[in-house]
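Working through the structure, step by step
As a plain string of letters, each chain reads:
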Amino acid sequence: MKIHTIATEPFEGQRPGTSGLRKKVKVFQQPHYLENFVQAVFDSIGDFQGQTLVVGGDGRFYNLQAIQTILRMAAANGFSRVLVGQNGILSTPAASNVIRKYRAYGGLILSASHNPAGPDEDFGIKYNIGNGGPAPEGVTEAIFEQTRKIEWYQTVECDDLDLSLAGNFELAGMQVEVIDPVADYAELMQKLFDFNAIRSLLADDFSMAFDAMHAVTGPYAKVIIEDILGAPAGTVMNGEPKEDFGGGHPDPNLTYAHELVEILYGDDAPDFGAASDGDGDRNMILGNHFFVTPSDSLAIMAANAHLIPGYKNGINGVARSMPTSAAADRVAEALGLECFETPTGWKFFGNLMDAGRVTLCGEESFGTGSDHVREKDGLWAVLFWLNILAVRQESVEAIVVEHWQKFGRNYYSRHDYEGVDSAAAEQVLQNVRDQFATLPGQMLAGRKVGKCDDFAYTDPVDGSVSTNQGVRVLFDDGSRLIFRLSGTGTSGATIRIYLESYEADADKQGLDAQDALADMIAAANEISGLKQLTGRDKPTVIT
Ligand code: VG1
Ligand code: CO
């Protein structure tokens, strides 16, 4: 085998964001663009000679071409084996599981998650370390530094490998195992959940719908929910992964998963509905005419974990990203568990899980997961809820309302302003920062402001510090207003405003979140000058 060393020059802007490098497909298609990033990863992750790499993606446009490039570069750089999902498919949580189970050195996951796919849309790549989780900031920064000084990359010349058949193959002296993307994951789920109880639930007059949104979870959901658990054929909607996700936006929220939402809010609505995103790590949970906020979902999972076989001996602790509501904190307190508040992005949970400090983690952005892998996990969350429903034999709504009565309700909403001019978006945050000295002590939205800051986090395990993780206005009564810019978008800026207030009184817990938070929403606009700066009078997405 002859290794080719190809001369190259750095590209601007290859810094990984909240979850890897995400750009338009056209950007990735430039000669050397993907190669530069992959070589920068290989140059930054230590000694992997003779080790195993895991490769797979969400099946979006450019997935298969990118995998062929990566296989050649892995062979040239000295990996002895690559495990790759059949047809290039591995959901993000399934990839995390494969890395852990087969003790791989790490993995490359090809996805831009919920961002649209197709020749004119988005592509992405991220590196996961040997624990199965996204590379921590120290590693992603090292990769970025390497992309700025790269001069060459290594590859081999050989034919593309046919990834449509599972089995063992050889590519330029390197072993390539094309694996069933679903089997290992389905086996893990059966260890964690009471499949017999869920099977009985689904055999009763309980009904459900799962929307895979033409993205990667289709094959996983069909095998697990329909074949193994016996739900009727057709329970999984939009179950064929497509290169362009059917032209949709596979973000499981009330705006983009409207097909499912209409079913759950229609006549003859089923008892339970769920959706997942492009790469299978997000989930949305719905009951009959009822929406469960992801923040509440995390809290309810923590409060009910003892009902689930995989967690029946107790959980270690709970972690949530800073903008996620504090609902889980109240459960942790009641159970005497440690509770952590981390910056946005799953990479911040890895150390806490590895150290045995937390079992359950969640983000307000439809992400929940546990230490069974090191990524958030959409189908896992769906099975967790089905297992709770099977044990408790109550409706989704009844379970949530009972939870509020016991722990109080954290009214919560996120308003996203997508595709905003970047300078205007920065200024919106800066306007709030400029009032850090004057806001405390003032009344805003009928509440007294306690403190304002730019959120910073010191990792309790390795002491690493992450700054500028969100602009916060914290009120004395526990309410919060948070402003952040997205780190996953590919054009312009996205402003996220997170709104939260706490209501202990059960008689006042029945409001619509937008009504309950109306004065907070007005206050957010007032102190940030968002309308004037962006020219927008309403958010693109309200969750
Ligand atoms: C968003 C979410 C964040 C999530 C990230 C990756 O990031 O807010 O909670 O971890 O997406 O999720 P940002 O920087 O755009 O707010 V996924 O499903 O894209 O891997
Ligand atoms: Co995702």
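Residues numbered from 1 in each chain as written. Chains lettered and ligands numbered in written order. Predicted model: local features only at pLDDT ≥ 70, side-chain atom pairs only at ≥ 80, totals over all residues. Heavy atoms only, no water.

**Topic: the pairing of strand β16 (residues 338-342)**
Operational definition: Strand pairing is assigned whenever DSSP detects at least two bridges linking the two strands. The way it works is that DSSP assigns letters per residue, a run of H or I at least four long becomes a helix, a run of E at least two long becomes a strand, and they are numbered from the N terminus. The definition of a right-handed crossover adopted here requires that, viewed with the strands pointing away, the path from the first strand over the helix to the second runs clockwise.
In this sheet, β16 lies alongside strand β15 (residues 317-321) in parallel orientation, the contact comprising five bridges. Across the sheet, residue Val318 finds its bridge partner in β16, namely Cys339. As a crossover connection, the stretch from β15 through helix α11 (residues 327-335) into β16 is right-handed.

**With respect to the coordination of the cobalt ion (ligand 2)**
Under the convention used in this document: Note that water is not among the atoms used; donors are N, O and S atoms within 2.8 Å of the metal (3.2 Å for Na, K and Ca), so sites may look incomplete. Note on classification: 1.4 Å probe, protein chains only; a residue is buried when its accessible area is under 20% of the maximum for its type, exposed when over 50%, partly exposed between these limits.
Distances from the cobalt ion (ligand 2) to its protein donors, Ser113 (OG), Asp277 (OD), Asp279 (OD) and Asp281 (OD), fall within 2.0 to 2.1 Å. Here the donor residues of the cobalt ion (ligand 2) share one chain and are spaced in sequence as S-x163-D-x1-D-x1-D. For Asp279, a relative accessible area of 3% gives the class buried.

**Section: helix α7 (residues 195-203)**
As a reminder, the rule being used: This arc is built from the directions going out from the helix axis to the C-beta atoms. Contacts: residue pairs with any heavy atoms within 4.5 Å of one another. Two N or O atoms count as a polar contact when they lie within 3.5 Å, although within protein this holds only if one can serve as hydrogen donor and the other as acceptor, and sequence-adjacent residues are included solely when both atoms are side-chain atoms.
Listed as buried for α7 are Phe195, Ile198, Leu201 and Leu202. Down the axis of α7, the buried side of the element spans an arc of 120 degrees, and every buried residue falls inside it. Exposed side chains of α7 directed beyond 90 degrees from the buried face belong to Asn196 and Ala203. Residues of α7 that are buried sit in contact with α6 (183-192), β10 (208-211), α8 (217-228) and α13 (378-392). The backbone nitrogen of Asn196 lies 3.2 Å from a side-chain oxygen of the residue at the head of α7, namely Asp194.

**Details of the packing of aromatic side chains**
Just so we agree on the cut-off: What counts as a ring pair is set by centres within 6.5 Å for rings of Phe, Tyr and Trp (its six-membered ring), and what kind of pair is set by the plane angle: stacked under 30 degrees, edge-to-face over 60, tilted for all other angles. Here, a charge over a ring is recorded when the distance from Lys NZ or Arg CZ to the ring centre is within 6 Å and its angle to the ring normal is within 35 degrees.
This structure, assessed with the given rule, holds 18 aromatic pairs. Note on Phe28 and Tyr33: the rings are 5.3 Å apart at their centroids and 80 degrees apart in plane angle, and the pair reads as edge-to-face. The same class applies to Phe28 and to Tyr33, which are both buried. Centroid distance Tyr185 to Tyr220: 5.6 Å. Interplanar angle 85 degrees. Geometry classified as edge-to-face. Here Tyr185 is found in helix α6, whereas its partner Tyr220 is found in helix α8, with 35 residues between them in sequence. Under the relative-accessibility criterion, Tyr185 is labelled buried at 2%. Relative accessible area serves as the criterion here: at 1%, Tyr220 is assigned to the buried category. Following the ring pairs from residue to residue traces out a cluster consisting of Phe11, Phe28, Tyr33, Tyr62 and Phe123. Arg330 extends its terminal NZ or CZ atom over the ring of Tyr502, reaching a point 3.4 Å from the ring centre.

**What to know about the nonpolar core**
Most often, soluble globular proteins keep nonpolar side chains buried together rather than apart. Short version of the rule: Residue types Ala, Val, Leu, Ile, Met, Phe, Trp, Tyr and Cys, when buried and joined through side-chain atoms within 4.5 Å, form a set referred to as a nonpolar core. All domain edges in this entry derive from an automatic or database-based domain assignment.
Ranked by internal contacts, the top residues of the largest apolar core, which has 73 residues, are Met189, Phe193, Phe210, Phe272, Trp380, Phe384 and Trp385. Counting residues per element, this core draws most heavily on α13, at 11 residues. In this structure, this core is formed jointly by two domains, domain 1 (3-179) and domain 2 (185-407), each of which donates at least three residues. The residues touching Phe193, leaving out its near neighbours within four places in the chain, are Ile198, Ile308, Pro309, Trp380, Leu383, Phe384 and Asn387. Formed by 43 residues, the second largest nonpolar core is a distinct cluster that contains Leu34, Ile45, Met73 and Phe79.

**Points about the sheet that holds strand β20 (residues 443-444)**
The sheet built from seven strands is open, its strands ordered β20-β21-β24-β25-β26-β19-β27 with antiparallel pairing. Across the chains shown, the open sheet's two edge strands, defined by having one partner strand only, are β20 and β27 (541-542).

**Let's talk about the domain arrangement of the protein**
Keep this limit in mind: Buried area adds together the accessible area that both of two parts lose upon being put together, with accessible area traced by a 1.4 Å probe. Here, a salt bridge means any Lys or Arg side-chain nitrogen found within 4 Å of an Asp or Glu carboxyl oxygen. Each residue is assigned to one class: nonpolar for Ala, Val, Leu, Ile, Met, Phe, Trp, Tyr, Cys and Pro, charged for Asp, Glu, Lys and Arg, and polar for all the others, Gly among them.
Each assigned domain of the protein is listed with its residue range as follows: domain 1 (3-179), domain 2 (185-407) and domain 3 (409-542). Put simply, the middle of domain 1 and the middle of domain 2, counted by C-alpha atoms, are 28 Å apart. Every contact between the two is made by 34 residues of domain 1 and, on the other side, 33 residues of domain 2. Between domain 1 and domain 2, roughly 2500 Å² of surface is buried when both sides are summed, and carbon and sulfur atoms account for 56% of that area. At the boundary of domain 1 with domain 2, the tally comes to two salt bridges. One salt bridge connects Lys126 with Glu375, and the closest N-O pair in it is separated by 2.7 Å. Seen at the junction of domain 1 and domain 2, the total is 13 residue pairs in polar contact (both at pLDDT 80 or more). Classifying every residue of the side of domain 1 that touches domain 2 by side-chain character gives 11 nonpolar, 17 polar and six charged.

**A closer look at unusual backbone geometry**
Notably, Asn238 is not glycine yet its phi reads approximately 50 degrees, a positive angle. With respect to the helices and strands, the residue Asn238 is situated in the loop between β11 (236-237) and α9 (258-264). The backbone phi angle of Ala445 is positive, close to 50 degrees, even though this residue is not glycine. Mapped onto the elements, Ala445 comes out in the loop between β20 and β21 (447-454).

**Structural notes on the site of ligand 1**
Applied cut-off: Any residue with a heavy atom lying within 4 Å of a molecule or strand is counted as near it.
By nearness alone, 20 residues border ligand 1, and Thr18, Ser365, Ser486, Gly487 and Thr488 come closest of all. Measuring from an oxygen atom of ligand 1, one finds a side-chain N or O atom of Ser113 at 2.6 Å. Residue Arg484 places a side-chain N or O atom 2.7 Å away from an oxygen atom belonging to ligand 1. Taken together, the residues that form the shell around ligand 1 break down as no nonpolar, 10 polar and 10 charged.

**Observations concerning the pattern of salt bridges**
The final tally for this structure, using the stated rule, is 33 salt bridges. As a salt-bridge pair, Asp184 and Lys101 come within 2.7 Å of each other at their nearest N and O atoms. Highlighted residues: Asp184 in helix α6 and Lys101 in helix α4 (residues 92-101), separated in sequence by 83 residues. On the basis of relative accessibility, which here comes to 11%, the residue Asp184 falls in the buried class. We note a salt bridge from Arg357 to Glu338, for which the minimum N-O separation is 2.8 Å. A residue pair is termed long-range when its members are at least 10 positions apart, and Arg357 in the loop between α12 (350-354) and β17 (360-363) and Glu338 in strand β16 qualify at 19 residues.

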